[in-house]
Amino acid sequence: MKILVFPRDNSNPYQHLLYGEMQRLGARVTYVGRLTPSHTLNLLLLPLELVARRVTGGRLVHLHWVFAFFLPGSGRFPVLRRLAQAWFAVWLCTIRMLGVRLVWTAHNTLPHGPVFADDLSARRALVEASDLVIAHSQAALEELKTLGAVPVRSAVIQHGPLAPTTTPAASLRTPGTGDGPRRFVFFGKVRDYKGVEELLAAFSAVPDELAAHLTVAGECDNPQLRKRLDALARRGGRRIVLRLEQVSEEEVTPLLAAADAVVMPYRRITTSGSAMLALAHGRPVIIPDLASLADLPKQAVVRYDGTVPALSAALVRVARADATTLAMMSAAARAYSENITWQDIAARTMSEMISLFDDAPRADTPDKRAHRSVK
C-alpha cells in the first residue's frame, strides 16, 4: 500500500515511530506538500501533486494536522483565513474526485490555535470527507460528536510510547531518591491551553518550608505569554526555573530523569504525547481529571479537578510522598508504557487502512490489548 502523508512534523516523533513500523509491514510512505522550499507554493501545488501521486499509485492520504494550511500573515489579515479554508475545501474535493481514501488521525479535536476563519465548520467538513477517523481515545470521538462531527467510520488506536532514546528507562534515577528537594518538571511547547500560568500560580502557593523545585522547559513563541510567565515565576523566587526555549532531543532524558514528577496542567487536551513520554521514562504524572486522559494508569498518576488550589494540593501531596510511594508509581508508569508497542499500533493502523479497500484482505493484528475499534 502506498500512503501519502500530510503534513510532516519533524518536531514530533509520532510519525517517525509509526511509519517506521508500517514500512516494515510493507507500506510505502510518501510525505506530500514538500516539493519546494516555499510553504505557500507547496500549498498551491497540493491538488496537482495529488493528481500526480494518484497516477503513480497513491490510493490513500493520511492527514494528521491542519496547521500546514495556515497562511503567513493570517493574524493581521483575516481574509487569509477564509482563503485557507476555501483552499482546504478544494483539497478535500480533489481527494474525493480522484477516488483516494482519506484517513484523518484526530490528534486534536480542534486546532490549538486558529487556522481557518471557522475552525469548527472546517473540522466538520474534514470528518465528513474522511473515510476513516483514527482517535487515540474514545473520549476524543465523543468530543467530536459534541461538535457535530460524527465519522462514518472510526477506530480507537492508542498513542504509542515515547521511550528514552539513549538510556533504558529502568536504569534512570528512581523518583524520590537522592538528596535535595522534590523536583517537578513541565516539559513541552509552552502554549496558552497547556495551563502553565495555573501551574506557576499553584506552585507559588506551595508552603516555603516544603522542599520543592519546579522547572518549566519548552519553547514559547508568544511574547505576551512569556511576559506573564516571567512575572509569575518571579513570585516563586529561586524555587522556579523557566527555560522558555527549545529543548534538544539529547536534553530530554536528563531533564526527565532529574524529575520526581512531571506536571501537565492542561486546560484542554485531546492526546498527550508528553504524558506518554513521561510515563515511558518512569515518571509519575500530575494531570487534570479530563476524559481524554482517563486511560492513563491510575497507579502512576495524581489527578486533580482542574483548579489552581487542587493543583497546589496535588503538588504538596507528591512533595510529601515517601520514596517507596514514588518508586511504585514509577514502576507502574514503566509497566504501562512497556505494554504498548509501535509494532502493534502499526499493524492495527495498517489493518484499518487496508479494510477501506473492498478488494484488499484485512491484515491481522498481533495484539489487541492496546487497541479498541469503534465502527
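Each remark here, short or long, concerns the structure printed above.
Residues numbered from 1 in each chain as written. Predicted model: local features only at pLDDT ≥ 70, side-chain atom pairs only at ≥ 80, totals over all residues. Heavy atoms only, no water.

> I tried to follow the overall build of the protein on my own but got confused; where do I start?
Looking only at helices and strands, the protein features twelve helices and 13 strands. If one aligns the C-alpha atoms of the protein with their principal axes, the spans along those axes are about 65 × 50 × 35 Å. Within the protein, the fraction of its 375 residues that count as buried is 55%. Contacts spanning at least 24 positions in sequence make up 72% of the contacts within the protein whose residues lie at least 6 apart. Per element, the accessible surface of the protein, about 16,900 Å² overall, is 54% carbon and sulfur. Within the protein, one finds 45 positive and 34 negative side-chain charges whose respective centroids are separated by 3 Å. (Helix = DSSP H or I, 4+ residues; strand = E, 2+ residues; numbered from the N terminus. Buried < 20%, exposed > 50% of the residue type's maximum accessible area, 1.4 Å probe, protein only. Contact = heavy atoms within 4.5 Å. Areas by Shrake-Rupley, 256 points an atom, 1.4 Å probe, with all protein chains shown as cover. Lys, Arg positive; Asp, Glu negative; His and termini not counted. Charge placed at Lys NZ, Arg CZ, Asp CG, Glu CD.)

> Sorry, what's going on with the environment of Leu-80 here?
For Leu-80, the location among the structural elements is in helix 3 (residues 79–97). Measuring from C-alpha to C-alpha, the distance between Leu-80 and Gly-57 comes to 33 Å, with 23 residues separating the pair along the chain. Ignoring anything within four residues of it in the chain, the contact list for Leu-80 reads Leu-71, Pro-72, Gly-73 and Ser-74.

> Would you explain the pattern of salt bridges in this entry?
Close approach of charged atoms allows side chains of opposite charge to pair. Inspection of the entire model under this criterion finds 13 salt bridges. Among the salt bridges present, the one from Arg-239 reaches Asp-208, with a minimum N-O distance of 3.6 Å. Placement of Arg-239 in the loop between helix 7 (223–236) and strand 9 (240–243) and of Asp-208 in the loop between helix 6 (196–204) and strand 8 (212–217) is noted, with a sequence separation of 31 residues between them. When salt bridges that share partners are traced, they join Asp-192, Glu-197, Glu-198, Arg-228 and Arg-267 into one network. (Salt bridge = Lys/Arg side-chain N within 4 Å of Asp/Glu carboxyl O.)

> Would you explain the pairing of strand 1 (residues 2–6) in this entry?
Working note: regular strand, side chains alternate between the two faces of the sheet. Most of strand 1 is tucked away: five of the five residues are buried. The two faces of strand 1 match: Lys-2, Leu-4 and Phe-6 on one face and Ile-3 and Val-5 on the other face are all buried. Across four bridges, strand 1 lies against strand 2 (residues 28–31) in parallel orientation. For Leu-4, the partnering residue across the bridge sits in strand 2 and is Thr-30. Traced from strand 1 through helix 1 (residues 13–24) to strand 2, the parallel crossover comes out right-handed. (Pairing = 2+ DSSP bridges. Right-handed = clockwise from strand over helix to strand, strands pointing away.)

Any functional reading would require information beyond the geometric quantities listed.
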